[in-house]
Amino acid sequence: MSFLSIQAQEYKGYDIGSYRLPDITRNELDFSLNSNGDFYDYMKSEGVSGAIDGDFKVGFNRYRNARSFRGKQNAEFSISGDYRKNAIGEKNSKYVLGLFYNNSSRFYGGDCEGLFFEMGGNFSFHMTGIRQFGEVERESKNTSKDVALGIPLRMGKGRIERVEDARQAIYILENLSKRKVLNRRLTDDEIDEFTRLISTVKNKRFFDARLRMIDEVTAVDSFLVRSGALASGGAAYFTTLYDYWMYGDLFERKSGTEISGGIRPGFSYGKYDNPAPDAYDSRTKIPSISADIRLDYERPLNLYWQNSAWVFLSGNYMRRNYENLAPAESKSKEDSYGARLSGHYAFGYYPNSRTNINLGIGETVGWDKREWDTRKESQSYVSTNTSLTLDMYYYFSPQLRLAAEARLDHYYIDDKETDYARWYGNFALTLTYSLF
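Our subject in this report is the structure included herewith. (Residues numbered from 1 in each chain as written. Predicted model: local features only at pLDDT ≥ 70, side-chain atom pairs only at ≥ 80, totals over all residues. Heavy atoms only, no water.)

### Remarks on the overall build of the protein
Of regular secondary structure, the protein possesses five helices and 15 strands. Its C-alpha atoms put the protein at 85 × 50 × 40 Å along the principal axes. Burial statistics for the protein: of 436 residues in total, 37% are counted as buried. When contacts within the protein are restricted to residue pairs at least 6 apart in sequence, long-range pairs at least 24 apart make up 67% of them. Carbon and sulfur atoms form 58% of the exposed surface of the protein, whose accessible area is close to 23600 Å². One way to put it: in the protein the 58 positive side-chain charges average out to a point 3 Å from where the 59 negative ones average out. (Helix = DSSP H or I, 4+ residues; strand = E, 2+ residues; numbered from the N terminus. Buried < 20%, exposed > 50% of the residue type's maximum accessible area, 1.4 Å probe, protein only. Contact = heavy atoms within 4.5 Å. Areas by Shrake-Rupley, 256 points an atom, 1.4 Å probe, with all protein chains shown as cover. Lys, Arg positive; Asp, Glu negative; His and termini not counted. Charge placed at Lys NZ, Arg CZ, Asp CG, Glu CD.)

### Regarding the side chain of R162
Secondary-structure assignment places R162 in strand β7 (residues 153–162). Here R162 falls in the buried class, since its relative accessible area comes to 17%. Among the polar contacts listed, one links the side chain of R162 to the side chain of E164, at a separation of 2.8 Å. Setting aside its immediate chain neighbours within four residues, R162 contacts Y19, L21, R26, Y63, E252, R253 and K254. (Polar contact = N/O pair within 3.5 Å; in protein donor to acceptor, adjacent residues only side chain to side chain.)

### So, helix α5 (residues 235–247)
Helix length check: α5 (13 residues) gives 18 Å between terminal C-alpha atoms against 18 Å at 1.5 Å per residue, within 8%. Every buried residue of α5 is accounted for by Y237, T240, L241, Y244, W245 and Y247. (Expected span 1.5 Å × (residues − 1).)

### Examining the packing of helix α2 (residues 164–178) against helix α3 (residues 188–201)
In the contact formed by α2 and α3, the axes pass within 9 Å of each other and the chain directions differ by 115°. It follows that α2 is roughly perpendicular to α3 by the angle criterion. Crossing geometry of α2 relative to α3 is assigned as right-handed. Side by side, α2 and α3 meet where D165, A166, Q168, A169, I170, I172 and L173 of the first sit next to I191, F194, T195, I198 and S199 of the second. For the contact of α2 with α3, a count of residues per class yields eight nonpolar, three polar and one charged. (Axes fitted to C-alpha atoms, helices over the stretch in contact; angles between N-to-C directions. Parallel < 35°, antiparallel > 145°, perpendicular 65-115°, else oblique. Left-handed = near helix turned anticlockwise from the far one by under 90°. Nonpolar A, V, L, I, M, F, W, Y, C, P; charged D, E, K, R; others polar.)

### Focus on the nonpolar core
Grouped together as the largest cluster of nonpolar side chains are 33 residues, with contacts concentrated most on I172, L173, F194, L224 and W245. Those elements that place two or more of their residues in this core are α2, α3, α4 (209–227) and α5. Element by element, the count of residues in this core is highest for α2, at seven residues. Beyond its immediate stretch of four places on either side in the chain, W245 contacts Q168, I172, I198, V201, K202, M213, E216, V217 and V220. In this structure, Y247, L250, F251 and Y395 belong to the second largest nonpolar core, which totals five residues. (Core = buried A, V, L, I, M, F, W, Y, C linked by side-chain atoms within 4.5 Å.)

### A look at the pattern of salt bridges
Inspection of every chain in the model, using the stated rule, returns 30 salt bridges. One salt bridge connects E371 with K369, and the closest N-O pair in it is separated by 3.4 Å. For E371, a relative accessible area of 26% corresponds to the partly exposed category. Residue K369 is classed as partly exposed on the basis of its relative accessible area of 25%. (Salt bridge = Lys/Arg side-chain N within 4 Å of Asp/Glu carboxyl O.)

### Describing the side chain of T389
By the element assignment, T389 lies in strand β13 (residues 377–395). Discounting chain neighbours no more than four positions away, the residues touching T389 are H344, N358, L359, G360, A406 and R407.

### With respect to the environment of A346
Looking at the secondary structure, you find A346 in strand β11 (residues 330–349). On the basis of relative accessible area, A346 is assigned to the buried category, the value being 13%. Taking C-alpha positions, A346 is 5.5 Å from L359, a pair spaced 13 residues apart along the chain. Those residues within four positions of A346 in sequence are excluded, and the remaining contacts are Q306, N307, S308, L359 and G360.

### Things to note about unusual backbone geometry
Although it is not a glycine, K180 adopts a positive phi angle of roughly 60°. Considering the arrangement of structural elements, one finds K180 in the loop between α2 and α3.

### Describing α2
Between its first and last C-alpha atoms α2 spans 21 Å; for 15 residues at 1.5 Å apiece the expected length is 21 Å, and the two agree. Among the 15 residues that make up α2, 14 are buried, leaving the element largely enclosed by the rest of the structure. After α2 finishes, the residue K180 shows a positive phi value of roughly 60°.

### Points about the pairing of strand β12 (residues 355–372)
Here 16 bridges tie β11 to β12, and the two strands are oriented antiparallel to one another. By the bridge assignment, G338 is partnered in β12 with D368. Between the end of β11 and the start of β12, which pair antiparallel, lie five residues. Here β12 pairs with β13 via 18 bridges, running antiparallel. (Pairing = 2+ DSSP bridges.)

### Points about the packing of α2 against α5
It is the contact of α2 with α5, at a shortest axis distance of 9 Å, that shows an interaxial angle of 155°. As judged from the angle between their axes, α2 and α5 are roughly antiparallel. Between α2 and α5 lies a crossing of right-handed hand. On α5, the residues that touch Q168, Y171, I172, N175 and L176 of α2 are Y237, T240, L241, Y244 and W245.

Note that every value here comes from positions in space, so none of it alone points to a role or purpose.
Take a look at the structure:
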């Protein structure tokens, strides 16, 4: 094959960030098994503290995209447990059962990348059991239940699109070209049309993965045949098409800019039960409200590299109403105020269809103040948190993936009485299986 012919098969110049999704609906049902561990130390303590924990989750995600509407729904059930030991030998074990639901609906005006209004709601329920033992004066057990509701409202401008389908189209065309299956390079308009077909055909839902594969690959094959670019349809063609259809869209890629602001009123209720004879049962009622302004930026530099950044400014207020129920009744209130300025930048590398690596750095500066009615006093402090993150993902199959995550943080708090600083390290391994 001549140099000019090779150049004609190149697709590296196609800008996947320019792709715009058609009207689509996607559904995912995920089963996740997670193992996690961490360690940390304090300035004035001897020894190292650590923990190990794990959880099992079942989650359903629904995503709908149209020119004038974008909707997301998430529902999750989780079971988790952990074991912790501190520097002086105290031990703690805990289990948590959780239910979560979140919904958001965004509406655009005549300009599908212009002004938008977003509303939604979320609900969560958790039941927790804790046992303390080891180097303590007396072992203890307790349980708690809490429910939380939130109603976020947002307005903004801009749009961030998911463009992994465009990346998959290029994966397929590049590798078919390398195997000399195509007789010409598709034009950018043809690539856009091919990508829209890929996005649309994935709307269908099949519990039988074989039937889904047959339906989707048949649609892609029909397009390539109609385009007249297909030189041959032998084993090299079908094995390549199947491989990159299964693995070409496994990693989410995004493109666009959004700026928005919103408010979020909320309410939570909790009840705490302790069976010890001299312990208190209690409950809390917490109304809250928060407001924020944020800027989000996503841009694929090319087929293999991704830029991601966000800046976030927020403020919040909540009132905790405590009530001890037994053995002696009492009530108290605590007011909390907070403000945060955060920034984060991540650089993503996508070397192939099965693997990606993301390196991120972030900084948060915060101010917090608390007031108690019983003490007739207040406390305020300024804090910083610098973080470095590394995330890596590998797909064994289109349904089974392994995630490895590492994080290093430095915390600093400055209040009127003392300065406090510590390093915190964390790692996590998560194995996830997607049913559809």
